[in-house]
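Commentary on secondary and tertiary structure
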Amino acid sequence: MRLSMYLSREEERMLSGELGGAVAKAVEVLVRVGEALGADRLIEISHAHVSGVSYFNIGDFGLEFIEDLQKIGARFSVFTTANPYSALVNYGDTSFKEEIYVKQLKIVDTLRKMGARSFTCTPYYVRKPSVGEHLAWAESSAVLYANSVLGAATNRETGPIALLSGICGRTYFGEAHRGVPAEVEFVVEVEKPEDPSEAGAYGLLAGEFVGESVPVVRGLSNYPEYFLKEFLAAFATYSPTYLAILEGVTPNYSRVDTSRAEKIVFSRSEISKAYSDIGSCSSPLYLVGCPHLSLDELSYVLSKVGSVKRGEFWITVGESVSRHLDIEYVRSLKILPGSCAVITRLDLLGVDCVITDSAKALVYLPKLAGVKAYLVKRDALLKMVTSSE
Amino acid sequence: MSEIDLYVVNSTGSELKICGELLVYNRLLSPLGDIDTSTGRLRSGGRVSSKIVAAKGFTGSTVGPYVLYSLVKKGLAPRALIVEQIDVNSVTSAVISSVPLFRVGELSPLEKLYSEGVRYVCIEDSRLRPRGILVAIEGIDGAGKTTIAKYLFEILKKCGFRAIYTYEPYYNSIRAIFESRTMKLTPEAEALLMVADRYSHFNWVVREELKAGSVVILDRYKYSTVAYQGAVGLSVDWLREVQKYLPEPDIGIYLDIDPEEGLKRKAGNSARVLTYFEDLERLRKARKIYLDMVARGEMTLVDASLKPSEILEKIVDLIEEKLKLDLRECAL
């Protein structure tokens, strides 16, 4: 193999197979990918986060890739978390074919055997990285959160790359690892979101507007973290970039030169378009937890929902969060730890439409879950769930 | 002749020389949405398996790289990928699946080649060039060579391939010498005249078409001289020796027929009769030499007593198998 990338002595040893076939394969792939993308070296990481866990997404071939690695002795050498799996629950009396359960559990089981600690799309609730820490995360909303809120550094990895990074503890030294850029092309200002769903609606507008460019975002400096989470998750659905510099939030935000940037202001009237009439959704599934709720959010939601009066209410959270709760199982209220409804083929369960407070879910539910989706504010959703009307 | 420069992005060692059928997808390829992993076919039509697939670039999700990996596992992978834009998806796909990946400055020259019917190409030294295909149809008189060669030509045209049909002896001046009998010919002189015709024909007609990327269908080639002049007693080794600078065809087909049956067919066809050769005993000897060449692996025997459609089916299968061309579906 002809390589031009600089490797440390340790990495040379890994590549030569001294630490086993899986590590060698992982380093080889990272070097090849890094070189192709212009990186001149690898960088050690402290936390990998794997995406591509849902059987509906990765299918038999993804399962095979993971199993092949496990067969040659792959183990995660650094702290590794993974994205949620599909929601393996009934809807009413409908359930999935057995094959789907078996294959999905096989994926989860194989990743656990390799050392995956927890399944969630919010790995920062499991282990919060510190400023400047190098990561290899593949879930787009988590990538944006790590870089923009926590000031950590991660490429926006693809699923297999994060998996291999967890095995060898390295990723390629891409742009994200160089810190905040010196200058930006756009400054995006948002006008007072009143709840997390509105922050998400602004995220969609901002992400679509800036495209591949890293922007500075104004107007989110005095908000709880879950507003930022919803904004960034939605932002990442439309923008392929790895960072949105949040004024007053992102460490070192003040070093960025915005003097030549184009400024755009999104006002409250513009986000109202995201909230369409839910009149045609007569028998909905209610969903919160995209991205997964924090413990505080979950406590809040549960305090507002006594009993579910209409339809089913699903709450998706990380496994680590659900561990803190003494959950009483209620037929229509489902707290789904480690699961994601958006990457679950809800149409196969007979779901027709979903009412959610997540702007990210609003975009992805029709594409990935095969159902119509409607956005409402969080408190409004909780009121709908509990009212008998 | 058009050569296109490529840049190696993912090298697997096998890219030193890669030949295969070109497929140009003039958009961004979203592996999950655009490729059926159970068949290796594009949802918009055509197969990616065994081909050199050129696209604008890759798009789509985390899942994309697993699609190519799966195709490799199933033996349905492309031979190489060429993209105009490099991104993390195309690179990850190629690397985890060990498929050679190249970047090209612009896709449009490839699109042009493809639209001109150039299908078979080779990548060598980071350069892509059209690589024509030489198909030789051989057999004794009455085997049906001309009929089959012309049908094959029609099929290839229908499938979008740049193709030509040509025959030997090619030059009228050479034919005239045989037919006028003003020059007294020895068997050696006959052989050398045939070979002279063939070298010139190959150099001025066939080679140019091959360079441009055509499928050249030859109605008789160097094996005819070996068989026919060998049948009148010339040394087969000498007949090979004087033709050693002519390349082997990619596909050599010997249409086998019983000489009597061949002569019977020929009697009903007065066109292009070189009466001189049509002597049963000589045809028997020629057939024997042809069968020897088949036994040596120089040509593939196809039973010429079959119906033309059956013969063509066998030839199409042979081309598919040997060169991995995607022909059967559009041809038959």
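In this text the structure is predicted, and so the values were computed from the model without any measurement.

The next subject is the overall build of chain B. Check the secondary structure of chain B and you find 13 helices and 14 strands. In terms of overall dimensions, chain B has a C-alpha envelope of 75 × 35 × 30 Å along the principal axes. Scored against the burial criterion, the 332 residues of chain B give a buried share of 53%. As presented, chain B carries roughly 14200 Å² of accessible surface, and 50% of it is formed by carbon and sulfur atoms.

If you walk through the whole model with that rule in mind, you get 20 aromatic pairs over all chains. Residues A:Phe96 and A:Tyr101 carry aromatic rings whose centres are separated by 6.4 Å and whose planes lie at 65 degrees to one another, so their mutual orientation is edge-to-face. On the basis of relative accessible area, A:Phe96 is assigned to the buried category, the value being 6%. Plain terms: the ring middles of B:Tyr165 and B:Tyr167 are 6.2 Å apart, the flat faces sit at 45 degrees to each other, and that makes the pair tilted. When its relative accessible area of 31% is taken as the criterion, B:Tyr167 is described as partly exposed.

With that settled, the discussion passes to the state of the cysteines. As used in these notes, a disulfide is a covalent bond between sulfur atoms, one from each of two cysteines. Residue and element names in this part refer to chain A. This model, assessed by the stated rule, comprises 3 disulfides over all chains. Here Cys281 connects covalently by a disulfide to Cys353, the sulfurs 2.1 Å from one another. Here the S-S torsion is close to 100 degrees, and the disulfide linking Cys281 with Cys353 is therefore right-handed. Here the residue Cys281 occupies a position in the loop between helix H9 (268–271) and strand S12 (285–293), and Cys353 occupies one in strand S16 (residues 353–356), the gap between them amounting to 72 residues. Residue Cys281 is classed as buried on the basis of its relative accessible area, which comes to 4%. When its relative accessible area of 0% is taken as the criterion, Cys353 is described as buried.

All names here are of chain B. In this structure the tally under the stated criterion is 1 cavity of 30 Å³ or more. The wall of the largest cavity is formed by 13 residues, among which Leu29, Ile35, Phe58, Leu68 and Leu81 lie closest to the centre. Put simply, the parts of the chain that give the lining of the largest cavity at least two residues each are strand S5 (51–58) and helix H2 (64–73). A class-by-class count of the residues in the lining of the largest cavity yields 11 nonpolar, 2 polar and no charged.

Our next topic: the domain arrangement of chain B. All names here are of chain B. What the domain assignment reports for chain B is domain 1 (4–130) and domain 2 (133–331). Summarising the inter-unit geometry, the C-alpha centres of domain 1 and domain 2 are found 36 Å apart. Listed by partner, the interface residues are 13 residues for domain 1 and 15 residues for domain 2. Here domain 1 packs against domain 2, burying approximately 1100 Å² in sum over the two surfaces, 46% of which is carbon and sulfur. The tally of links between domain 1 and domain 2 comes to 2 salt bridges. The residue Asp326 makes a salt bridge to Arg47 at a minimum N-O spacing of 3.8 Å. There are 4 residue pairs in polar contact (both at pLDDT 80 or more) connecting domain 1 and domain 2. In terms of residue class, the side of domain 1 that touches domain 2 is made up of 3 nonpolar, 3 polar and 7 charged.

Rules behind the numbers
The residue numbering used here restarts from 1 in each chain and proceeds along that chain's sequence as written. Naming scheme: in the order in which they are written, chains are lettered from A and ligands are numbered from 1. Totals for whole chains, interfaces and linings use every residue, but because this is a predicted model, local features are given only for residues with pLDDT of at least 70 and side-chain atom pairs only at 80 or more, for both listing and counting. Think of the side-chain values as coming from all heavy atoms in the structure, minus any hydrogens and water. Think of it this way: any DSSP run of H or I at least four residues long counts as a helix, any run of E at least two long counts as a strand, and we number them from the N terminus. Throughout, exposure labels follow a simple rule: accessible area from a 1.4 Å probe, protein chains only, divided by the maximum for the residue type, with under 20% read as buried, over 50% as exposed, and the rest as partly exposed. Note that accessible areas follow from Shrake-Rupley with a 1.4 Å probe, and for residues the cover is restricted to the protein chains shown. When the centres of two rings from Phe, Tyr and Trp lie within 6.5 Å, Trp using its six-membered ring, the rings pair. Their planes under 30 degrees apart give stacked, over 60 give edge-to-face, and anything left gives tilted. Disulfides are defined as pairs of cysteine sulfur atoms found within 2.5 Å of each other. Only protein atoms enter the 1 Å grid, on which a cavity is a set of points fitting a 1.4 Å probe that cannot get out and a pocket is an open set with protein on both sides within 12 Å along at least 5 of 7 lines, lining residues being those with an atom within 4 Å of a point. Grid points are joined across faces, edges and corners, and a volume is the space filled by probe spheres set on the points. Here the nonpolar group is Ala, Val, Leu, Ile, Met, Phe, Trp, Tyr, Cys and Pro; Asp, Glu, Lys and Arg are the charged ones; every other residue, Gly included, is treated as polar. In this entry, domain limits derive from an automatic or database-based domain assignment. Residue contacts follow a heavy-atom distance rule, with two residues in contact if any of their heavy atoms lie within 4.5 Å. Buried area: the accessible area, evaluated with a 1.4 Å probe, that two parts lose upon being put together, summed over both parts. When a carboxyl oxygen of Asp or Glu is within 4 Å of a side-chain nitrogen of Lys or Arg, the pair counts as a salt bridge. Here a polar contact means two N or O atoms within 3.5 Å. Within protein one must be a hydrogen donor candidate and the other an acceptor candidate, and residues neighboring in sequence count only if both atoms are side-chain atoms.

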